[in-house]
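Chain by chain, the residues run as shown.
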Amino acid sequence: MSWGKRWARDHRLLMHVFSHRMLNTRYVSGYKNACATMLDLWSAHVGKTVDIQPVVLLMTVDAIIQCAMGIKSSCQREIDPDSPILKFNAAINRLLELTMKRFSQLWYYNDWIYHMSPAGREVRRYLADMRAFSEVSIATRRQQLHEAAGIQREQSVHRDMLDVLLTVKDEDGHGLSDTEIREQLSRHIPLCWSRHHCKCSPVG
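A brief structural summary. Keep in mind it's a predicted model, so treat the numbers as computed, not measured.

## Re the nonpolar core
In step 1: One finds Ile65, Met69, Leu162, Leu165, Ile181 and Leu185 to be the most contacted residues of the largest nonpolar core, which totals 34 residues.
In step 2: Of all the elements in the fold, those that place two or more residues in this core are helix H1 (4–14), helix H3 (52–69), helix H4 (84–103), helix H6 (118–147), helix H8 (161–167) and helix H9 (178–203).
In step 3: Those residues in contact with Ile181 that sit more than four places away from it in its chain are Ile138, Arg142, Leu162, Leu165, Leu166 and Leu176.
In step 4: Counting residues in hydrophobic clusters, the runner-up holds five residues, among them Ala34, Met38, Val56 and Ala63.

## Examining the side chain of Glu122
In step 1: Relative to the helices and strands, Glu122 is located in helix H6.
In step 2: Those residues in contact with Glu122, other than ones at most four positions away along the chain, are Arg94 and Leu98.

## Observations concerning the pattern of salt bridges
In step 1: A complete count under the given rule lists five salt bridges for this structure.
In step 2: With a shortest N-O distance of 3.0 Å, Glu97 and Arg94 are connected by a salt bridge. Residue Glu97 and its partner Arg94 are located together in helix H4, separated by three residues, close to a single helical turn.
In step 3: According to the relative accessible area criterion, Glu97 is partly exposed, its value standing at 46%.
In step 4: Here Arg94 falls in the partly exposed class, since its relative accessible area comes to 26%.
In step 5: The salt bridge involving Glu122 is made with Arg94; its shortest N-O contact spans 2.7 Å. With Glu122 in helix H6 and Arg94 in helix H4, this residue pair connects regions lying 28 residues apart in the sequence.

## Let's talk about the packing of aromatic side chains
In step 1: If you walk through the whole model with that rule in mind, you get two aromatic pairs.
In step 2: Both rings, one in Tyr108 and one in Tyr114, keep their centres 5.0 Å apart while their planes meet at 80°; by these two values the pair is edge-to-face.
In step 3: The exposure class of Tyr108 is buried, given its relative accessible area of 14%.
In step 4: The class for Tyr114 is buried, based on a relative accessible area of 8%.
In step 5: Three or more aromatic residues joined by ring pairs make a cluster, and in this case those are Trp107, Tyr108 and Tyr114.
In step 6: Over the aromatic face of Tyr114 sits the side chain of Arg102, whose NZ or CZ is 4.2 Å from the ring centroid.
In step 7: Cation over ring: Arg125 sits above Tyr126, and NZ or CZ is 5.4 Å from the ring centre.

Calculation notes
Residues numbered from 1 in each chain as written. Predicted model: local features only at pLDDT ≥ 70, side-chain atom pairs only at ≥ 80, totals over all residues. Heavy atoms only, no water. Core = buried A, V, L, I, M, F, W, Y, C linked by side-chain atoms within 4.5 Å. Buried < 20%, exposed > 50% of the residue type's maximum accessible area, 1.4 Å probe, protein only. Helix = DSSP H or I, 4+ residues; strand = E, 2+ residues; numbered from the N terminus. Contact = heavy atoms within 4.5 Å. Salt bridge = Lys/Arg side-chain N within 4 Å of Asp/Glu carboxyl O. Phe/Tyr/Trp six-rings, centres within 6.5 Å; stacked < 30°, edge-to-face > 60°. Lys NZ or Arg CZ within 6 Å of the ring centre and 35° of its normal.

Here's what the structure looks like:
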């Protein structure tokens, strides 16, 4: 969490991430690509009974990863549970479950007790998996931006959330550190996940 001057600075910088142009040009295309993949997969199940909830959830995972990190994850077609993107998805889903379970158990409201509990240890393990995925994604994209420094930006980069976070600068010319970028991704991606989970549950 950020407060005071840091919150105000982060808020100003993140306005670029959620600008009207970004929503219309980048995020919409990410969702369209993910939906097209889902519909293509559904064509193989014509005339069959299918549980669509996990399918729609994976579609939203694919869309969010494309919009946030510019990664064409192929998670809807992925079958290896140990693949980085499916492990990332499993971590967020499990963290949402553990968070809701914590709300229903009063003794876990105490941070120290929860930290020492099996559930608390499980949360830390999944958070470590998410952190590792984010750090690799940030390092990879930063290298891509460095290599594309002499090329027209619109042709060389995705201009997704991660790209904006890596390139945006405040009025003093200072950008976000890798730690700050990871914090923003860790904050916004699970938030999008939880919202889409709520929307997809009635569909299933």
